[in-house]
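# Architecture and fold: a report
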Amino acid sequence: MSGTEKFAAVDVIIAKRDGHVLTDEQIDWVIDAYTRGVVAEEQMSALNMAILLNGMNRAEIARWTNAMIASGERMDFSSLRNPTSDKHSTGGVGDKITLPLAPLVAVFDVAVPQLSGRGLGHTGGTLDKLESIPGWQAAMSNEAMLAQLDDVGAVICQAGSGLAPADRKLYALRDVTGTVEAIPLIASSIMSKKIAEGTGALVLDVKVGSGAFMKNIDRARELARTMVDLGTDAGVRTVALLTDMSTPLGLTAGNALEVRESVEVLAGGGPADVVDLTVALAVEMLAAAGRPVGEDEVRAALTDGRAMDRWNAMISAQGGDPHAELPWATHTQQVLAEEDGVLTKLDAYDVGIAAWRLGAGRARREDSVQAGAGVVMHAKPGDAVRKGEPILTLHTDTPERFDRALEALEGGIEVAAPGTSFTPSDVVLDRISGF
């Protein structure tokens, strides 16, 4: 430790290793010192592991989150004429909900500053989906973002590098040190960015199931409660929905494929599960922003064209052509039903891995993605299927990828005897509120 540093990193590590509660001063220092490069990567790795094993209490997590916020800038939406409300999803397969949701909420005079990311592994990224639209740009200045929020009411764009820079370093470190699963670190990572973003209200979509980060509903509920508490303590009206991710959302997984499906929803159609979750989240976002609207009225905005008008304006404002033809993959291959029966399993994780291997996702952040790659689902659990008819269609520009995608699906599809009774789970499993 240099003479100018308040603490030695090893003392902070030992404190948490031995199960002690870290002081505010220790937390403030360690996040700042790590951001400055004073705390070494191996030291922060050891501290992360100690947090994974011994946990943190509510006060510690709140202070850790605030320290990460303090490492960068905070956005300010107080100049906008309408209140702000945002949504964050913990990530899933076929999760295109942000696309129809942002313009839908904007219809009701609530501004939606949706700072989104790119996909990694089997979960798709919102920016990757939108970048399949010709001309659309993810990057924009804070000034342009504010202007679009006032004019259109919704923005989906990438977060600037100034928001919680400590989180970027910590996120990369957790990924390679086996500490991704630590709930205090997950919650503070998500909430530091969302609180720094400056939204007045926040709805969290915490996924549960095979295709989600949280496979177990009790762990998902703990994560949701932790994030709701963090938002509430920071003065953000926060609510969380726990939603099912055992089966992919909708009938598509892949970038341009999911944009097409989102446009169907905005046109008053689309799969029921996507519509239902979009409406449920919109109702929560509007209520949290102090502009409560009934479910029937929200659904009406999808069928009467108002949400589509906002979508067209939002895409156009960021350089995209909302009426342009979206890319299609050059090669397809079908997965056929081997017998008559009822589809009882379509595993979200396996479909997500297949879409990733087809080129829809990336293994490293610097990898590119194929706009047209992915999976189209012709049936969902509970549907009857007939021998020889397609259950899935795989899409890719590189047909040599088909074999590994098919390998990913082995065991992920199950068909029971004709007439088997099967009731899919509800999309929304639970609700946790902070207000």
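If you're wondering where the values come from, they're calculated on a predicted model, not measured in any experiment.

### Considering the sheet that holds strand β7 (residues 331-336)
Pairing within the open sheet is antiparallel, and its four strands lie in the order β6-β9-β11-β7. Among the strands making up the open sheet, the edge pair consists of β6 (252-253) and β7. Sheet topology note: the β6/strand β9 (residues 374-377) ladder contains two bridges and is antiparallel. Residue pairing in the sheet places T252 in a bridge with V376 of β9.

### What about the nonpolar core?
Counting 74 residues, the largest nonpolar core has W311 and V375 as its most contacted members. In terms of residues, this core owes the most to one element, helix α12 (residues 272-288), which gives eight residues. With near-sequence residues (within four places) excluded, V375 lies in contact with L251, T252, A253, L257, V351, A354, A355, L358, L392, T393 and L394. If you look at the next biggest cluster of nonpolar residues, it comprises 59 residues, including V30, I190, L204 and V208.

### Some thoughts on the packing of helix α8 (residues 165-177) against helix α9 (residues 183-197)
Where α8 meets α9, the axes come as close as 10 Å, and the angle between the chain directions of the two elements is 150°. In terms of their interaxial angle, α8 and α9 are classed as roughly antiparallel. Seen along the crossing, α8 lies across α9 with a hand that is left-handed. Mapping the contact onto sequence places D167, Y171 and R174 in α8 and L185, I186, S189, S192 and K193 in α9. Tallied by class, the residues present in the contact of α8 with α9 amount to three nonpolar, two polar and three charged.

### Some words on the packing of aromatic side chains
Counted by the stated rule, this structure contains one aromatic pair. A cation sits over an aromatic face here: R260 above W328, 3.5 Å from the ring centre.

### As for the packing of helix α4 (residues 58-70) against α9
Packing of α4 against α9 leaves a shortest axis separation of 9 Å and a crossing angle of 45°. One way to sum up the angle between α4 and α9 is to call them oblique. In terms of crossing hand, the pair formed by α4 and α9 is right-handed. Residues I61, W64, T65, M68 and I69 of α4 lie in contact with α9, whose contacting residues are P184, L185, S188, S189, M191, S192, I195 and A196. Considered class by class, the residues forming the contact of α4 with α9 number nine nonpolar, four polar and no charged.

### A look at the UniProt feature "domain: Pyrimidine nucleoside phosphorylase C-terminal" (unreviewed entry) in the protein chain
The sites that carry the UniProt feature "domain: Pyrimidine nucleoside phosphorylase C-terminal" (unreviewed entry) are, in the present numbering, residues 342-416. End C-alpha atoms of residues 342-416 are separated by 5 Å, and the span's content is 28% helix alongside 29% strand.

### Structural notes on the side chain of Q26
Within the secondary structure, Q26 is located in helix α2 (residues 24-36). In this structure Q26 comes out as buried when scored by relative accessible area, which is 12%. Discounting chain neighbours no more than four positions away, the residues touching Q26 are F7, V12, A15 and V21.

### Here's the deal with the sheet that holds strand β5 (residues 237-244)
Spatially, the four strands line up as an open sheet ordered β1-β4-β5-β13, and their pairing is mixed. Of all strands in the sheet, those bounded by a partner on one side alone are β1 (85-89) and β13 (428-433). Here the average twist between neighbouring strands, direction ignored, is 20°. Relative to β5, strand β4 (residues 201-208) is paired through eight bridges, and the arrangement is parallel. In the strand pairing of β5, K207 is matched with T243. Set on the sheet, helix α10 (residues 217-233) makes contact with β4, β5 and β13; between it and β5 the angle comes to about 165°.

The rules behind these values
Residues numbered from 1 in each chain as written. Predicted model: local features only at pLDDT ≥ 70, side-chain atom pairs only at ≥ 80, totals over all residues. Heavy atoms only, no water. Pairing = 2+ DSSP bridges. Helix = DSSP H or I, 4+ residues; strand = E, 2+ residues; numbered from the N terminus. Core = buried A, V, L, I, M, F, W, Y, C linked by side-chain atoms within 4.5 Å. Buried < 20%, exposed > 50% of the residue type's maximum accessible area, 1.4 Å probe, protein only. Contact = heavy atoms within 4.5 Å. Axes fitted to C-alpha atoms, helices over the stretch in contact; angles between N-to-C directions. Parallel < 35°, antiparallel > 145°, perpendicular 65-115°, else oblique. Left-handed = near helix turned anticlockwise from the far one by under 90°. Nonpolar A, V, L, I, M, F, W, Y, C, P; charged D, E, K, R; others polar. Phe/Tyr/Trp six-rings, centres within 6.5 Å; stacked < 30°, edge-to-face > 60°. Lys NZ or Arg CZ within 6 Å of the ring centre and 35° of its normal. UniProt positions renumbered as here; feature names shortened; annotations may be inferred.

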